[in-house]
Amino acid sequence: MVQRGFLRDHGNVSIVLYILVDVAMIAAAAYFAYLWQFDVRDMGAHYRGAVFVAILLTLSSFPSLGLYDSWRGRSPVDQVRAVTVGWLAVMLGLVLIGFALKQSDNYSRLWILTWACWGWALLVLGRIMTSTVLRSLRARGWNHRRILMVGNGPLTEEALARVKHAPSAGWEVIAVAMLDHDGRRHIDDVRVVEYRARTERLARRFDADEVWLCLPLDQQTLIDRVLWDFRHSTITMRLVPNLHGMRLIQHPVTDILGVPMLNLSVSPMHGLSRLMKAIEDRTLALIILTLISPLLLVLAIGVKMSSPGPIFFRQKRMGWNGRNFTILKFRSMPVDVEAKTGAVWAKAGEKRSTRFGGFLRRTSLDELPQFINVLRGDMSIVGPRPERPVFVDQFKDEIPGYMQKHMVKAGITGWAQVNGWRGSTDLHKRIEHDLYYIEHWSLWFDLKIIFLTIFKGFVHKHAY
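Computed from a prediction, not measured in an experiment: that's the story for all the values here.

Asks: Tell me what's going on with the overall build of the chain, and back it up with residues and numbers.
Replies: Assigned secondary structure in the chain consists of 15 helices and 12 strands. Considering only contacts in the chain between residues 6 or more positions apart, those separated by 24 or more positions represent 73%. Looking at the chain as shown, the accessible area adds up to about 23,900 Å², and 61% of this sits on carbon and sulfur atoms.

Okay, here's the thing in structure tokens:
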């Protein structure tokens, strides 16, 4: 149980393994091609440079083909096809860079051709070996993904049977919630319950990773009912309709265990994306904290001198997957200012801050300690701003899609903030921008938001 929990909480293990194997295979293919071509063990510096560029191109292009996403339950033929397309793109990119820099004459064309062929073979072999190891581990109960199935009769039973017959895929059905419950308590040793509105709580209690909604597309009323019941949940949801024989274009379709599924609600923070986001956050946070440490010291002294009490203000906020964490800010108000009023939404004209605290809030400098939250892993630098649980409970029923903002880590700054939707502005517009960010997330989008924050994200008329 401890091992399963560890691997489940560190879902990047398989992705890191794929990356390391890919890099090793590319380097090995280049080295053996060089040894075969020149019969020399020490590879020349400019040849090593070409290998380095190829690795960078691989790590840039393979993610766009889904090669660093989860491949559990998916066809190995599709993975080999994706590797082939990705490796061809890498080699083509390498040749174009060589021509653009007028360096192509410095390399043996036969070496490049040999490397390309051996590289493809070793990449495919590496993928097969890695997948075999992962399937073997999952068949032994490691790194399982726990599923709650919701649906009706035959379609649900078919999906359940496919999971049960593929233990190496690493899926585990913890329960089946039937919309037309016929009284059965178990299907093939899996618990069966009658679907009710509180089934969302059942998913949380059993610590489910995903909900598979097994309903035909013509059952729109039932689909809408289930989605409404799960509107406050951040769990991954997939629709398992009867899509065999249908061709869908530009739809988020995933083939798992031979069953086409529509992704209804899936966080972009998985696979390599999650790893790259974590690296981006930790690296930038460490650099920024180092650079602003003198400023932090000055502000800390200012807070201490402005009023008695601690330097930092600590408050519970809701973050990724609806989990609470303690956010850090420079204290801008007297201690226990909300003892009588309770939680109060910040608005213009309020006079609760100290004089120095008012300056901190108008310039957003009170937010700087949140880079410590980023280093801890509680927050990201870019993401939807976190809110207090008491306000989340209020807004989740008032604003459609409000809870979906918690499908990524909360951020110090975000797309809504750089567009002026902060403070007591239109919450619907703020959530609209937060969801746009989640749907279109990329590292470049993060860097754009950070750049915009520098120029218009600190001082703003709605910062108070």
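That shown, we press on.
Asks: Outline the packing of helix α2 (residues 13–38) against helix α5 (residues 109–139), listing residues and values.
Replies: Helix-helix packing: each pair is described by the crossing angle between the helix axes and the interaxial distance. In contact at an axis separation of 8 Å, α2 and α5 are set at 150 degrees when each is read in the N-to-C sense. Our classification of the angle between α2 and α5 gives roughly antiparallel. Judged by the twist between their axes, the crossing of α2 over α5 is right-handed. Of the residues belonging to the contact of α2 with α5, the class tally is 20 nonpolar, seven polar and three charged.

Asks: I'd like a description of the pattern of salt bridges, backed by residues and values.
Replies: Oppositely charged side chains may form a pair once their charged atoms are brought near each other. By the definition in use, this model includes 15 salt bridges. A salt bridge links Glu 172 to Arg 146; the nearest nitrogen and oxygen atoms lie 3.8 Å apart. Taken together, the residues span a long stretch of sequence, with Glu 172 in strand β2 (residues 171–178) and Arg 146 in strand β1 (residues 145–151) at a distance of 26 residues. You can call Glu 172 partly exposed: its relative accessible area is 28%. Each of Arg 145, Asp 209, Glu 210 and Arg 238 takes part in salt bridges that share partners, so that together they form one network.

Asks: Can you break down the environment of Gly 86 residue by residue, with the values?
Replies: By secondary structure assignment, the location of Gly 86 is in helix α4 (residues 76–100). As a C-alpha pair, Gly 86 and Ser 61 span 25 residues in sequence and 6.4 Å in three-dimensional space. Excluding residues within four positions of it along the chain, Gly 86 makes contact with Ser 61, Phe 62 and Leu 65.

Asks: Give a detailed account of the confidence of the model for the chain, specifying residues and quantitative values.
Replies: Summing up the model confidence of the chain, the mean pLDDT is 82 and the portion of residues at 70 or higher is 86%. In this model residues 243–251 is a low-confidence stretch, pLDDT under 50, and it forms 12 contacts with partners more than four residues away in sequence or in other chains.

Asks: Tell me about the pairing of β2, and please be specific about residues and values.
Replies: In terms of burial, β2 is a largely internal element, seven of the eight residues being buried. Pairing geometry for β1 and β2, over seven bridges, is parallel. Counterpart to Gly 151 in the pairing with β2 is Met 178. Handedness of the crossover is the feature at issue here: the chain leaves β1, passes through helix α6 (residues 153–164), returns alongside β2, and the resulting connection is right-handed. Here β2 pairs with strand β4 (residues 190–194) via three bridges, running parallel. Looking at β4, one finds that Val 176 is bridged to Val 192.

Parameters and conventions
Residues numbered from 1 in each chain as written. Predicted model: local features only at pLDDT ≥ 70, side-chain atom pairs only at ≥ 80, totals over all residues. Heavy atoms only, no water. Helix = DSSP H or I, 4+ residues; strand = E, 2+ residues; numbered from the N terminus. Contact = heavy atoms within 4.5 Å. Areas by Shrake-Rupley, 256 points an atom, 1.4 Å probe, with all protein chains shown as cover. Axes fitted to C-alpha atoms, helices over the stretch in contact; angles between N-to-C directions. Parallel < 35°, antiparallel > 145°, perpendicular 65-115°, else oblique. Left-handed = near helix turned anticlockwise from the far one by under 90°. Nonpolar A, V, L, I, M, F, W, Y, C, P; charged D, E, K, R; others polar. Salt bridge = Lys/Arg side-chain N within 4 Å of Asp/Glu carboxyl O. Buried < 20%, exposed > 50% of the residue type's maximum accessible area, 1.4 Å probe, protein only. pLDDT = per-residue confidence, 0-100. Pairing = 2+ DSSP bridges. Right-handed = clockwise from strand over helix to strand, strands pointing away.

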